[in-house]
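The lines below spell out each chain.
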Amino acid sequence: TWTAGSIVEEQVALIRERVGSKRAICGLSGGVDSAVAAALVNEAIGSQLTCVYVDHGLMRTGETEQVEKDFVAATGAQLKVVDASERFLNALAGVTDPEEKRKIIGREFIRVFEQAQAEIIADADSDGEDVAFLVQGTLYPDVVESGGGTGTANIKSHHNVGGLPEDLEFELVEPLRQLFKDEVRMVGQELGLPDEIVQRQPFPGPGLGIRIIGEVTRERLDLLRQADAIAREELTAAGLDRDIWQCPVVLLADVRSVGVQGDGRTYGHPVVLRPVSSEDAMTADWSRLPYDVLATISNRITNEVRDINRVTLDVTSKPPGTIEWE
Ligand code: XMP
């Protein structure tokens, strides 16, 4: 029978056998999946693993600091933080197609990992040992929805599956590939990760890049970050974090509407709140959030974020809508 303990035991043995005396790097995204995959591999091969957190500039407020603090404190794993925002934003300039965005982000991740690999090898600590393995927190639903399952159409190229470049230099280690999110959370608990990591709501690897409908720019990211921080703050204050699966905030960057803020006419952008409840993200329903919480979020966003003059609510389940808009 399935237990978190037996999964850990089995995977630790498999990873040790596969990696041998080589080195591995693990991309941390700040999300649950990559943190649990990293903790598992850290358990198996410890000092042969370097975790790499790529700040692609598409993160939410406070995300990078949280990874640096919580993850390292919980696991003691070696962490390398790479600021690659310039590179990702340049690569995304002018791009509006969702799949193209996803593929670019997936490709740039790998390029940054390759660069990190070279630096880790050059580092005295690694004895010149080759970094041959790339650990990813890919889950079963990621594989299915990227078209890797049996007979399933490609819905979205998850950055860590369909978004990978063809000339990948690494061998992949994906210890969570057969698990669903709730199982991953149990494995994380088994490994001693704190609730702040294990119970975190999902956040996609491509980050805010797939929550800006239209071209991704620094200014638009700043706008969305402010709106997103307010929504998260109010949901937490209302004690709703455990009741919802996640609540993407989406910026309709190419849409403008007329409003009146203060004593003048405005012509700003709408954001969409997308609160959902779900068991495994394969299907989802829109969350019936209390009206007063929605009202507070709406008031605060339109008062505090210049250039956002409308807040709308997405009341579509999955299917037919997906959770993220892109
Ligand atoms: P969708 O939008 O397909 O999302 O209904 C299902 C779940 O997956 C997350 N998601 C991703 N996670 N890389 C990730 O790590 C991705 O490329 C990606 N795309 C979507 C999404 O936030 C939701 O929880």
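What you see is a predicted model; the values in this text were computed from it and never measured. Along each chain, numbering runs from 1 in the same order as the chain's sequence is written. In keeping with the model being predicted, local features are shown solely for residues with a pLDDT of at least 70 and side-chain atom pairs are shown and tallied solely at 80 or more, while totals for entire chains, interfaces and linings include all residues.

### Description of the domain arrangement of the protein
Definition in use: The start and end points of each domain follow an automatic or database-based domain assignment. Note on contacts: residues are paired as contacts if their backbone-placed C-beta atoms lie within 7 Å. Only DSSP runs of H or I covering at least 4 residues are called helices, and only runs of E covering at least 2 are called strands; the numbering of each starts at the N terminus.
Under the domain assignment, the protein is made up of domain 1 (4–198) and domain 2 (211–313). Averaged C-alpha coordinates put domain 1 and domain 2 at centres separated by 28 Å. The interface is formed by 13 residues belonging to domain 1 together with 11 residues belonging to domain 2. Those elements that place two or more of their residues in the side of domain 1 that touches domain 2 are helix H4 (85–92) and helix H7 (181–190).

### Side note on the environment of Met59
What counts is decided by this rule: Remark: C-beta atoms are placed from the backbone, and a residue is labelled buried if 20 or more other C-beta atoms sit within 10 Å of its own, exposed if 12 or fewer do, or partly exposed between those counts.
Tracing the sequence through the fold places Met59 in the loop between strand E2 (49–55) and helix H3 (63–75). Met59 gets classed as buried once you count the C-beta atoms within 10 Å, which come to 23. A C-alpha to C-alpha distance of 6.3 Å links Met59 and Leu208, two positions 149 residues apart in sequence. Residues contacting Met59, with those up to four places away along its chain left out, are Gly30, Thr64 and Gly207.

### Regarding H7
Given 3.6 residues to a turn, an α-helix orients residues that are three or four positions apart in the same direction. Along H7, the residues classified as buried are Lys181, Val184, Arg185, Val187, Gly188 and Glu190. Those residues of H7 that are buried are in contact with helix H1 (4–19), helix H2 (32–45) and helix H8 (195–198). Phi turns positive, to about 85°, at Gly192, one or two residues after H7.

### Description of the sheet that holds strand E5 (residues 171–173)
What counts is decided by this rule: The pairing criterion is simple: DSSP has to find at least two bridges between the two strands. A fitted line through C-alpha atoms serves as each axis, taken over the contacting stretch for helices, and the angle formed by two N-to-C directions is quoted from 0 to 180°.
Spatially, E3-E2-E1-E4-E5 is the arrangement adopted by the 5 strands of the open sheet, whose pairing is parallel. Edge positions in the open sheet fall to strand E3 (78–83) and E5, since each of these has one partner strand only. Here the average twist between neighbouring strands, direction ignored, is 30°. In this sheet, E5 lies alongside strand E4 (residues 131–135) in parallel orientation, the contact comprising 3 bridges.

### Notes on helix H5 (residues 98–122)
As a reminder of what qualifies: To estimate how far a helix should reach, multiply one less than its number of residues by 1.5 Å.
The first and last C-alpha atoms of H5 sit 37 Å apart over 25 residues, in line with the 36 Å expected at 1.5 Å per residue. For H5, the full list of buried residues reads Lys101, Arg102, Ile104, Ile105, Gly106, Glu108, Phe109, Ile110, Val112, Phe113, Ala116 and Gln117. Buried residues in H5 make contact with strand E1 (23–28), E2, E3, H4 and E4.

### Here we look at the UniProt feature "binding site: ATP" (unreviewed entry) in the protein
Convention followed: UniProt positions are given in the numbering used here, feature names are shortened, and annotations may be inferred rather than shown by experiment.
Mapped onto this structure's residue numbering, the UniProt feature "binding site: ATP" (unreviewed entry) falls at Ser29, Gly30, Gly31, Val32, Asp33, Ser34 and Ala35. Turning to its location among the elements, Asp33 is positioned in helix H2. Here Asp33 falls in the buried class, since 26 other C-beta atoms lie within 10 Å of it. When neighbours within four sequence positions are excluded, Asp33 is seen to be in contact with Gly137, Leu139, Leu176 and Val184. Topologically, Ser34 is positioned in helix H2.

### Remarks on the packing of H1 against H2
Note the threshold: Crossing handedness is defined as follows: a turn of the near helix away from the far one that is anticlockwise and smaller than a right angle gives a left-handed crossing, while the clockwise case is right-handed. Classification convention: Asp, Glu, Lys, Arg as charged; Ala, Val, Leu, Ile, Met, Phe, Trp, Tyr, Cys, Pro as nonpolar; all other residues, Gly among them, as polar.
For the pair H1 and H2, the least separation of the axes is 9 Å and the interaxial angle reads 65°. Seen along the crossing, H1 lies across H2 with a hand that is right-handed. For the pair formed by H1 and H2, the contact residues are Val8, Gln11, Val12, Ile15, Arg16 and Val19 on the first element and Leu40, Val41, Glu43, Ala44 and Ile45 on the second. By residue class, the composition of the contact of H1 with H2 is 8 nonpolar, 1 polar and 2 charged.

### Brief notes about unusual backbone geometry
Excluding glycine, residues mostly have negative phi values, and the peptide bonds linking residues are mostly trans. Cis rather than trans, the peptide bond between Lys318 and Pro319 has omega equal to -15°. Mapped onto the elements, Pro319 comes out in the segment after strand E12 (308–313). The residue after Pro319, namely Pro320, is reached through a cis peptide bond having omega 10°. With a phi angle near 70°, Ala281 is a residue other than glycine that sits in the positive phi range. Along the chain, the position of Ala281 falls in the loop between strand E10 (276–277) and strand E11 (285–286). Look at Asp307: it is not a glycine, yet its phi comes out positive at around 85°. Residue placement: Asp307 occurs in the loop between helix H10 (291–304) and E12. Classification of Asp307 by C-beta neighbours within 10 Å gives partly exposed; the count is 17.

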